[in-house]
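Survey of secondary and tertiary structure
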Amino acid sequence: MSSRFDSLQFEVMHRSAVGHARTGVVTTPHGSFRTPAFMPVGTRGTVKGILPELVAQTGAEILLNNTYHLLLRPGDELVREMGGAHKFMGWDRPILTDSGGYQAYSMADRNAVDEDGVTFSSVVDGARIRLTPERAIEVQNNLGADIIMALDDCPPSVDPATSNQTRIRIAADRDARKGNYNHDARLDESLDRTARWLERCARAHGRPGDQALFGIVQGGTDLDRRDRSLGQVCGVDLPGYAIGGVAVGEGPEQIASVVRHTAPKLPEDRPRYLMGVGYERDIVAAVLAGVDMFDCVLPTRNGRSSNAFTRSGQIRLKNSKFKLDPGPIEAGCDCAACDPARHGMKTPEGGPFSRAYLRHLFLVDEMLGPILVSLHNLRHFQRLMEGIREAIVSGDWSALADEWPVLHGTVPRGVVRGLEGGLVGGLVGAD
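Described in the following lines is the structure provided in the data block. What you see is a predicted model, and the numbers here were worked out from it, not measured in a lab. (Residues numbered from 1 in each chain as written. Predicted model: local features only at pLDDT ≥ 70, side-chain atom pairs only at ≥ 80, totals over all residues. Heavy atoms only, no water.)

**Comments concerning the sheet that holds strand S1 (residues 2-4)**
Pairing between the strands of a sheet is mediated by backbone hydrogen bonds and can be parallel or antiparallel. Selection rule: Should DSSP find at least two bridges between two strands, the strands are taken to pair. Numbering of helices and strands runs from the N terminus; a helix is a DSSP stretch of H or I covering at least four residues, while a strand is a stretch of E covering at least two. For every element, the axis is a line fit to its C-alpha atoms; helices are fit only across the contacting stretch, and the angle between N-to-C directions ranges from 0 to 180 degrees.
Spatially, the four strands line up as an open sheet ordered S1-S2-S3-S4, and their pairing is antiparallel. In the strand order of this sheet, the two ends are held by S1 and strand S4 (31-35), each with one partner. Direction aside, the axes of adjacent strands within the sheet are offset by 10° on average. With three bridges joining them, S1 and strand S2 (residues 9-15) adopt antiparallel strand pairing.

**A closer look at the nonpolar core**
This is how it is decided: Nine residue types can take part in a nonpolar core, namely buried Ala, Val, Leu, Ile, Met, Phe, Trp, Tyr and Cys, and a core is a set of them joined through side-chain atoms within 4.5 Å. Partly exposed describes any residue whose relative accessible area lies between the buried limit of under 20% and the exposed limit of over 50%, with all areas from a 1.4 Å probe on protein chains only and scaled to the type maximum. We call two residues in contact whenever any of their non-hydrogen atoms come within 4.5 Å of each other.
Membership of the largest hydrophobic core comes to 76 residues, with the highest contact counts inside it found for Leu274, Ile283, Val287, Phe294, Ile388 and Trp397. Aside from chain neighbours lying at most four places away, what touches Val287 is His20, Ala21, Pro36, Phe294, Ile388, Ile392 and Trp397. Ranked by size, the runner-up nonpolar core spans 21 residues in total, among them Phe10, Val26, Ile216 and Tyr273.

**Topic: the packing of aromatic side chains**
So the rule is basically this: Ring pairs are drawn from Phe, Tyr and Trp, using the six-membered ring of Trp, whenever the two centres fall within 6.5 Å, and their geometry is named by plane angle: stacked under 30 degrees, edge-to-face over 60, tilted for the rest. Think of it as a cone above the ring: NZ of Lys or CZ of Arg counts as a charge over the ring if it is within 6 Å of the ring centre and within 35 degrees of the ring normal.
Using the criterion set out here, one finds four aromatic pairs in the structure. Plain terms: the ring middles of Phe353 and Tyr357 are 6.2 Å apart, the flat faces sit at 25° to each other, and that makes the pair stacked. A relative accessible area of 19% means that Phe353 is categorised as buried. Under the relative-accessibility criterion, Tyr357 is labelled partly exposed at 34%. Among the aromatic residues, those joined into a ring-pair cluster are Phe38, Phe309 and Phe381. Here Arg93 stacks its cationic end above the ring of Trp91, 5.3 Å away from the centre of that ring.

**Notes on a nonpolar patch on the surface**
Operational definition: Each patch is built from salt-bridge-free residues with over 30% relative accessible area, joining like charges within 9 Å and nonpolar side chains (Val, Leu, Ile, Met, Phe, Trp, Tyr) within 5 Å. Methods summary: accessible areas were calculated by the Shrake-Rupley approach with a probe of 1.4 Å, and residue burial reflects only the protein chains presented. The salt bridge criterion pairs a side-chain nitrogen of Lys or Arg with a carboxyl oxygen of Asp or Glu, the two atoms within 4 Å.
Together, Leu78, Met82 and Phe88 make up an exposed nonpolar region whose accessible area comes to about 260 Å². For Leu78, the position within the fold is in helix H3 (residues 76-81). For Leu78, a relative accessible area of 37% gives the class partly exposed.

**Focus: the sheet that holds strand S11 (residues 147-149)**
Strand order in the open sheet formed by eight strands is S5-S15-S14-S13-S12-S11-S7-S6, and the pairing between neighbours is parallel. Each having just a single partner strand, strand S5 (37-39) and strand S6 (63-65) make up the two edges of the open sheet. Neighbouring strand axes in the sheet, compared pairwise and without regard to direction, differ in orientation by 25° on average. Bridging between S11 and strand S12 (residues 212-217) involves three bridges; their strand directions are parallel. When the sheet's bridge partners are listed, Ile148 is paired in S12 with Leu213. Strands in contact with helix H6 (residues 133-143) are strand S7 (95-97), S11 and S12; relative to S11, the strand with the most contacts, it is inclined by about 160°.

**Remarks on the environment of Arg304**
Its place among the elements puts Arg304 in the loop between helix H12 (298-303) and strand S16 (307-308). The class of Arg304 is partly exposed, set by a relative accessible area of 30%. On a C-alpha basis, the gap between Arg304 and Gly49 in space is 9.5 Å, while along the polypeptide they are 255 residues apart.

**Quick look at helix H8 (residues 183-204)**
Put simply, the rule reads: To estimate how far a helix should extend, the number of its residues minus one is multiplied by 1.5 Å. Nitrogen and oxygen atoms within 3.5 Å of one another constitute a polar contact, given that in protein one can donate a hydrogen and the other can accept it, and given that sequence-neighbouring residues count only through two side-chain atoms.
Counted at 1.5 Å a residue, the expected span for H8 with its 22 residues is 32 Å, and the 30 Å between its end C-alpha atoms agrees. Within the sequence span of H8, burial applies to His183, Arg186, Leu187, Ser190, Leu191, Arg193, Thr194, Ala195, Trp197, Leu198, Arg200 and Cys201. The secondary structure elements touched by the buried residues of H8 are strand S8 (111-114), strand S9 (117-121), H6, S12 and helix H9 (223-234). At the N-terminal boundary of H8, the capping side chain belongs to Asn182, with an oxygen 3.3 Å from the backbone nitrogen of Asp184.

**Thoughts on the pattern of salt bridges**
A complete count under the given rule lists 32 salt bridges for this structure. The closest approach of N and O atoms between Arg93 and Asp92, which form a salt bridge, is 3.1 Å.

**Digging into the state of the cysteines**
Rule in force here: Whenever a pair of cysteine sulfur atoms sits within 2.5 Å, that pair is classed as a disulfide.
If you walk through the whole model with that rule in mind, you get zero disulfides. Free cysteine Cys338: the closest other cysteine sulfur is in Cys335, separated by 3.6 Å. Residue Cys338 is classed as buried on the basis of its relative accessible area of 10%.

**Re helix H14 (residues 368-394)**
With 27 residues, H14 should reach 39 Å at 1.5 Å per residue; the first-to-last C-alpha distance of 39 Å fits that figure. Judged by how many residues are buried, H14 sits mostly within the fold: 21 of 27 residues are covered. Gly395 lies just past H14 and shows a positive phi near 80°.

**Let's talk about unusual backbone geometry**
Backbone torsion omega between Thr35 and Pro36 reads 0°, so that peptide bond is classified as cis. Checked against the element boundaries, Pro36 lands in the loop between S4 and S5. With an omega dihedral of -5°, the bond running from Val277 to Gly278 counts as a cis peptide bond. Summarising the element assignment, Gly278 is placed in the loop between strand S14 (272-274) and helix H11 (280-289). Unlike most non-glycine residues, Ser306 shows phi in positive territory, near 75°. You can see Ser306 is positioned in the loop between H12 and S16. Relative accessible area serves as the criterion here: at 0%, Ser306 is assigned to the buried category. Positive phi, close to 60°, is recorded for Glu349, a residue that is not glycine. Assignment of secondary structure puts Glu349 in the loop between strand S17 (315-316) and helix H13 (355-363).

Structural data, given as structure tokens:
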């Protein structure tokens, strides 16, 4: 099965006998990437601290840029004048840009949403920034990404008055003082507004021949609302579709329920993108539900704070138990930190950068520590995607579970089960 647009081609290569998992290939003007795919987040035109070629060496075939942050600095017109995001940042592979809709949620205390768009108070200088569907598309047309996202209205999934997120609660208090906030009404409003904004984005899209526009399904945790949004968003014929509005205040069981319900209902011949998720268990559970594309800031954000991902779980390299540890972050890992010789780096006896050395780098605030652990984490998630793709083709999900203890309780052994164990809280936001 394949879908072909001028801007994007998607071909399903294999289907798993378990769940809705499938492998595929997405082809864009800047090359192809295999699915299921994990996109590192390069918020401001860079994956922090990592040269573009080193990002590619981790196995990444596509990455994400942030529309809102590039609009603020250096500005979308400057990026266009410099030849577009690919040339500007030195990355010659596919790029996806988000639309700014998530920033409207995460910066709720700094913005105001109305029918025409979102007004932000700039995080740089407090200046008034207006983002409408038309402006979101114009910015992304200027940036030149291969896949661009429609501006959506992303409300909190639960009543923000009960949220443990300070900025969301501040916004709720502000709106409550105005006497105009009702959470159920807000959720219904967001569905229809997202649909209207999608139509405006499609009309405004000036580069449909080389940029694929994806729509975003909203609906909070209510499955009837999700169905309503599915009908509205998928009623617009687009190269791909995304599930938005997850991990925005709801619990893990609710997130899992939404993804299991929504993903299989998205068009089978288009890429399905779950925005901002997540941990290893999240990803495997969503792949089994039929999702093809993921992004998350976890690998680099955690890497910069000394948290390294391993197949058995995270380790914090600042811990004193690693003070005299000569071993790599993870035995058997082929990343630049664990196996530098593989990447053309000469070290004494071809050895790894030790846990003891990495701990030292973090304790003295040397930038090499975050760089090396970020590289390891990026490679960790790409190794996971490679393992998932192999399991889909071979049908041997038990082998994946055996090789990745962190997945225990998520990966089914012969039958679809354990999806409730996944989707345990992905993140999204500026990298």
